[in-house]
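# Tertiary structure, described
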Amino acid sequence: MDSSTPKPAAGSPPESIAAWQWPAYALYGLLTWIVFAICAMLAVLAVLILPGVDRRRRAASAIARGFLFVVGMPLHRHHLERLPAGQCVVVANHASYLD
């Protein structure tokens, strides 16, 4: 873009998507936020009610996987044997919906 061409506003849609597709994208976005809010409330409730850290982590993990499944974001886990047995931090450099 040269300096005379106005820049698109932040959060504006890419030009490659047809105008008739925008209602579907908006509906998907609304569905995603509603499902996220419900899952967040369920996770907080599970953490407050369930006894033991292990049960809380399993419940929160199941709720997070359920959220990803419902909104159509597949979760792929590969090479789990390469992770250490104890606690660790995994950092991945990738492009995703969550970045």
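Our subject is the structure that appears above.
Conventions adopted
Residues numbered from 1 in each chain as written. Predicted model: local features only at pLDDT ≥ 70, side-chain atom pairs only at ≥ 80, totals over all residues. Heavy atoms only, no water. Core = buried A, V, L, I, M, F, W, Y, C linked by side-chain atoms within 4.5 Å. Buried < 20%, exposed > 50% of the residue type's maximum accessible area, 1.4 Å probe, protein only. Helix = DSSP H or I, 4+ residues; strand = E, 2+ residues; numbered from the N terminus. Expected span 1.5 Å × (residues − 1). Contact = heavy atoms within 4.5 Å. Polar contact = N/O pair within 3.5 Å; in protein donor to acceptor, adjacent residues only side chain to side chain.

### What to know about the nonpolar core
Core analysis: the biggest nonpolar cluster contains nine residues, these being Val35, Cys39, Ala46, Ala59, Ile63, Phe67, Leu68, Val71 and Met73. Here this core gets four residues from one element, more than from any other, and that element is helix H2 (residues 53-70).

### A word on H2
Taking 1.5 Å as the rise per residue, H2 with 18 residues should run 26 Å; its terminal C-alpha atoms sit 26 Å apart, in good agreement. Ala59, Ile63, Phe67 and Leu68 are the residues of H2 that are buried. Buried residues along H2 sit in contact with helix H1 (22-49). Following H2 by one or two positions, Gly72 has its phi on the positive side, about 80°.

### Things to note about the side chain of Thr32
Residue position: Thr32 is located in helix H1. Within polar-contact distance, the side chain of Thr32 engages the backbone oxygen of Tyr28 at 2.8 Å. The contacts of Thr32, once residues within four sequence positions are left out, are Phe67 and Val71.

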